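Here's the letter readout for the chains.
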Amino acid sequence: MTGNTTMRWRLVRPVLLAACQLLAGADGVAAQLTGFTAASAERQRELESRFDAALHADSLREWMRVLTARPFYVGSPYNREMAVWLRDRFRAWGFDAEIAEYRVLFPRPRLRELTLIEPTQFRARLAEPPVPGDPGSAVEQDRLPTYNAYSADGDVTAELVYVNYGVPADYEELERRGIDVRGRIVLARYGGSWRGIKPKVAAEKGAIGAIIYSDPRDDGYFQGDTYPEGPYRPDQGVQRGSVMDLPQRPGDPLTPGYGATADAPRVSLAEAGTIMPIPVLPISYADALPLLEALGGTMAPPAWRGALPLPYRLGPGPARVHLRVEFDWDLAPAYNVIARMTGAELPDEWVLRGNHRDGWAMGAIDPISGLIALMAEAHAVGRLAAEGWRPRRTLVFAGWDAEEPALLGSVEWAEHHADELRRRAIAYINTDSNVRGVLNAGGSHTLERMVNEIARDVEDPRGENVLQRMRATGAVGGDTALLSGADVRLAALGSGSDWAAFQQHLGIPSLMLNFGGEAGGGSYHSQYDTFDFYTRFVDADFEWGVALARIAGRALLRTAQADVPPLRFDGFAHAVGTYIDEIVTLADRMRADTERHNRLVAEDAYALAANRELPYVPPSRRDAVPPFDFAPLRSAHERLAAAAAAYDAALDTRLARSSLDARASTELTRVLRDAERTLLREEGLPRRPWYRHQIYAPGFYTGYGVKTLPALREGIEERDWAEARAGIETIAAALARMAETIERATALVR
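Here the structure is a predicted model, which is why all the values come from computation and not from measurement.

The rules behind the values
Residues numbered from 1 in each chain as written. Predicted model: local features only at pLDDT ≥ 70, side-chain atom pairs only at ≥ 80, totals over all residues. Heavy atoms only, no water. Pairing = 2+ DSSP bridges. Helix = DSSP H or I, 4+ residues; strand = E, 2+ residues; numbered from the N terminus. Buried < 20%, exposed > 50% of the residue type's maximum accessible area, 1.4 Å probe, protein only. Lys, Arg positive; Asp, Glu negative; His and termini not counted. Salt bridge = Lys/Arg side-chain N within 4 Å of Asp/Glu carboxyl O. Polar contact = N/O pair within 3.5 Å; in protein donor to acceptor, adjacent residues only side chain to side chain. pLDDT = per-residue confidence, 0-100. Contact = heavy atoms within 4.5 Å. Axes fitted to C-alpha atoms, helices over the stretch in contact; angles between N-to-C directions. Parallel < 35°, antiparallel > 145°, perpendicular 65-115°, else oblique. Left-handed = near helix turned anticlockwise from the far one by under 90°. Nonpolar A, V, L, I, M, F, W, Y, C, P; charged D, E, K, R; others polar. Phe/Tyr/Trp six-rings, centres within 6.5 Å; stacked < 30°, edge-to-face > 60°. Lys NZ or Arg CZ within 6 Å of the ring centre and 35° of its normal. Core = buried A, V, L, I, M, F, W, Y, C linked by side-chain atoms within 4.5 Å. Expected span 1.5 Å × (residues − 1). Arc of directions from axis to C-beta.

## A short note on the sheet that holds strand S5 (residues 154–162)
Spatially, S3-S2-S10-S5-S6-S7-S9 is the arrangement adopted by the seven strands of the open sheet, whose pairing is mixed. Lying at the two open borders of the sheet, with one neighbouring strand each, are strand S3 (122–123) and strand S9 (280–283). Pairing geometry for strand S6 (residues 185–189) and strand S7 (residues 209–213), over five bridges, is parallel. Looking across to S7, one finds that Arg 189 is bridged to Tyr 213.

So this is what it looks like as structure tokens:
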């Protein structure tokens, strides 16, 4: 945490923790574990104690030192070396390990130029200089330039327009002010949405190029001291990153829906559909300063103004820039490291655990901080196996390559093995970057209870258990229900890491776990994400890495060892009910806002309020928001909630007195394995069929940000009333299918 949040935490922490400690007595260490009988829970706790004893911070430190010695992006020499090194570690720890290679499109820049040509002249540096005292920042061998992958080639010259964060609402503001970006180049600041949304919306609005910079208000000295004095982005720091149209689909652009093996058929670049149609380039705020200084026109709205020492103006012009980028458009090898330990009792039931292993530069936080936690878990599992233990279900560890370009490694492997995963996968557990702070947990709400139990059982590096800190932090944020013992709700997942193919395409219950909130993010996707940065400002003792290994390791082991897969449905039913209520409120609010807008248009009130010194475009009337019949959705949810309550109660009763026999357990596992699959729709979401899950998806205009019940929510938000009505029917049908599946599971338990 930073700033005021930290102060509030210090003030209320003692009272909140006292309350949480009282609650801990009610659900403390003797409490039942989801999916376990009392006897098997006791064995599980003993196993987890031995697992914890095998986790060592010194090992995490040494692994990070090795892995961050040189850049290891897709196709780099060190990437291949580290794939072999990681495979060999897994083998030494007792796993069957292999490298699964795919050939993916990964363009690298041949040429990058950005020049201000009017009213003054300036050539952007487009480079990150070394930082004194950090040898990692000075590594030149195999360094990747600062660029945005999957930008189009382009050589364009045009007037510049400042568009704030470059999201749809910002263009609405520009249109109200009579500013048109057609035929122009836009300058957007990072933040407000995922980076790929900025050029996507710019291209839809007619812009011919996009420049993205990190403003110091969001990511620099406004937040605190910059590197090396502090953890925030220095003036020459640049955020690299992909701008592929991720909301359409992730993965290799040339092999849509199937694995990018060496002999796979490939579509042309023109047919790919996810490559940005205009040239895009990221720059530092040092390079952005002369561009912003050269802009004229009206002042930007107050909320659009950053922290650079200048008046923020919108343009267009007189600033005129020349932007030129060119890429090689080559295929590169992606090396996924896959390690298996076959289950002793249920070898055809898989529990998957993944973290990506590629980075844009030195990659200490992103992704190595998460990868070393995964390695610690695998090493501890190997120690247990060496002592004679074997998992009940098969464990599959994955070090994904090519995540940074657009989840390429995990998507291609999942698409390649889709049929096998549908038959065997019980759950997928993901980590990525990890820093100090509070546990962030997101994913399928069927796993919510298990995550709460795990957080209750793991000590936080600050001294309380992890769940106490989660509850206290949530209460500080306004969720006072947590103080009465309610489960901490999982966040719904959008996009941005390797769970996407498993949850949103294949319907495998998935988790995303990491600690965060108490470290500056100024090294993100830059040359400054180094071992020295990490050990100075993030996790000097690697205690948060060990804590993550304890959390994710328990999720892995409990899913692997449980008598019955540890899924509960009350949290899922609660989440869906919340999402339905949100959408009803959204429709009501939009209806009222539309009526008010149309009334003001009719009265010409906008024209009376307009500043006559500014260009002004009178707004037009909006289509009225029609009434929606949410009854099918409500009815399906009521059935789902009743089925969830019945199953959870029946399972608790059954496991409290006895375990299921082998035949019933096998059949129940098959039904539970398919429960989340029932939420898929083969045709996918409107306009993007790769995303099949009807409950969770990345937003069409948010990228990483999630849209729950997306077919309905986005239909309303985008005023496509036919799409919204169809969404009600498809979501209701999905909920009915899941309710029926849960009812079958309840019958088996009873």
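## A short note on the environment of Asp 419
Considering the arrangement of structural elements, one finds Asp 419 in helix H13 (residues 418–424). A C-alpha to C-alpha distance of 9.3 Å links Asp 419 and Leu 506, two positions 87 residues apart in sequence.

## Some thoughts on the side chain of Glu 412
Assignment of secondary structure puts Glu 412 in helix H12 (residues 408–416). Within the buried core, Glu 412 has no salt-bridge partner, and the shortest N-O distance to an opposite charge, that of Arg 249, equals 6.2 Å. Here the side chain of Glu 412 touches Thr 255 through a polar contact of 3.1 Å, side chain to side chain. From its side chain, Glu 412 meets the backbone nitrogen of Ala 260 in a polar contact 3.0 Å long.

## Topic: the confidence of the model for the protein chain
Summary statistics for the protein chain give a mean pLDDT of 93 and a share of 94% for residues scoring 70 or more. Low pLDDT, under 50, characterises residues 1–30; the stretch is placed with 43 contacts to residues that sit more than four places away or in other chains.

## With respect to the packing of helix H10 (residues 364–386) against helix H18 (residues 543–561)
Orientation of H10 relative to H18, taken along the N-to-C sense of each, is 55°, at an axis distance of 8 Å. Our classification of the angle between H10 and H18 gives oblique. Considering how the two elements wind past one another, H10 and H18 form a crossing that is right-handed. Along its contact with H10, which presents Ala 373, Ala 376, Glu 377 and Val 381, the element H18 presents Gly 545, Leu 548, Ala 549, Ala 552, Gly 553, Leu 556 and Leu 557. For the contact of H10 with H18, the class distribution of residues is eight nonpolar, two polar and one charged.

## Overview of the packing of aromatic side chains
Taken as a whole and assessed by the stated rule, the structure comprises 27 aromatic pairs. Judged by centre distance (5.6 Å) and plane angle (55°), the ring pair of Trp 63 and Trp 93 falls under tilted. A residue pair is termed long-range when its members are at least 10 positions apart, and Trp 63 in helix H3 (residues 57–67) and Trp 93 in the loop between helix H4 (77–92) and strand S1 (96–105) qualify at 30 residues. A residue is classified by how much of its surface remains accessible, and Trp 63, at 10% relative accessible area, is buried. Taken together, a centroid distance of 5.4 Å and an interplanar angle of 75° make the contact between Phe 569 and Tyr 647 edge-to-face. Placement of Phe 569 in the loop between H18 and helix H19 (570–602) and of Tyr 647 in helix H21 (residues 631–657) is noted, with a sequence separation of 78 residues between them. Residues Phe 569 and Tyr 647 agree in their burial class; the two are buried. Through a chain of ring-to-ring contacts, the aromatic side chains of Trp 63, Phe 90, Trp 93, Phe 95 and Phe 397 assemble into a single cluster. The positively charged end of Arg 217 is found above the aromatic ring belonging to Phe 222, 4.4 Å away from the centroid. It is Arg 687 that lies over the ring of Phe 700; its NZ or CZ is 4.7 Å from the centre.

## Details of the pattern of salt bridges
All told, the structure shown has 54 salt bridges when counted by the stated rule. We note a salt bridge from Glu 173 to Arg 177, for which the minimum N-O separation is 2.8 Å. Of the two residues, Glu 173 and Arg 177, both sit in the buried class. Across the pair Arg 422 and Asp 419 runs a salt bridge whose closest N-O atoms are separated by 2.9 Å. One end of the pair is Arg 422 and the other is Asp 419, both in helix H13 and three residues apart, which spans about a single turn. Assessed through its relative accessible area of 53%, Asp 419 is described here as exposed.

## Some thoughts on the nonpolar core
In terms of nonpolar packing, the biggest core is built from 132 residues, with Phe 90, Tyr 647 and Leu 735 touching the most fellow members. Top element by residues in this core is H10. It accounts for 14 residues. Every residue in contact with Phe 90, bar those within four places of it in the chain, is listed here: Phe 95, Ala 97, Val 337, Ala 339, Leu 374, Ala 378 and Phe 397. Core analysis: the next-biggest nonpolar cluster, separate from the first, contains 102 residues, Ile 212, Ala 300, Leu 308 and Leu 314 among them.

## A look at the packing of helix H14 (residues 448–457) against H18
At a closest axis distance of 10 Å, the pairing of H14 and H18 adopts a crossing angle of 130°. Classed by the angle they form, the pair H14 and H18 counts as oblique. Crossing handedness for the pair H14 and H18: right-handed. Contact residues: H14 offers Met 450, Glu 453, Ile 454, Ala 455 and Asp 457, while H18 offers Ile 551, Arg 554, Ala 555, Arg 558 and Thr 559. Here the contact of H14 with H18 is composed, by residue class, of five nonpolar, one polar and four charged.

## Thoughts on helix H2 (residues 38–53)
Taking 1.5 Å per residue, 16 residues should reach 22 Å; H2 reaches 23 Å between its end C-alpha atoms and fits that length. Along H2, the positions that sit buried rather than exposed are Ser 40, Ala 41, Gln 44, Leu 47, Glu 48, Phe 51 and Asp 52. Looking straight down H2, one finds its buried side chains confined to an arc of 140°; they lie on one side. Exposed side chains of H2 directed beyond 90 degrees from the buried face belong to Glu 42, Arg 43 and Ala 53. On its buried face, H2 sits against H10 and H18.

## Let's talk about the sheet that holds strand S14 (residues 425–430)
Read across the open sheet, the seven strands follow the order S1-S11-S13-S12-S14-S16-S15; overall the sheet is mixed. Each end of this open sheet is capped by a strand with a single partner; those strands are S1 and strand S15 (437–443). Sheet twist, expressed as the mean angle between neighbouring strand axes with direction ignored, is 20°. As defined by bridge partners, strand S12 (residues 346–356) adjoins S14 across five bridges and the pair is classed as parallel. Considered in S14, the bridge of Trp 350 is made with Ala 425. Across the sheet, H10 lies against strand S11 (331–341), S12 and strand S13 (393–400), angled at about 150° from S12, the strand it touches most.

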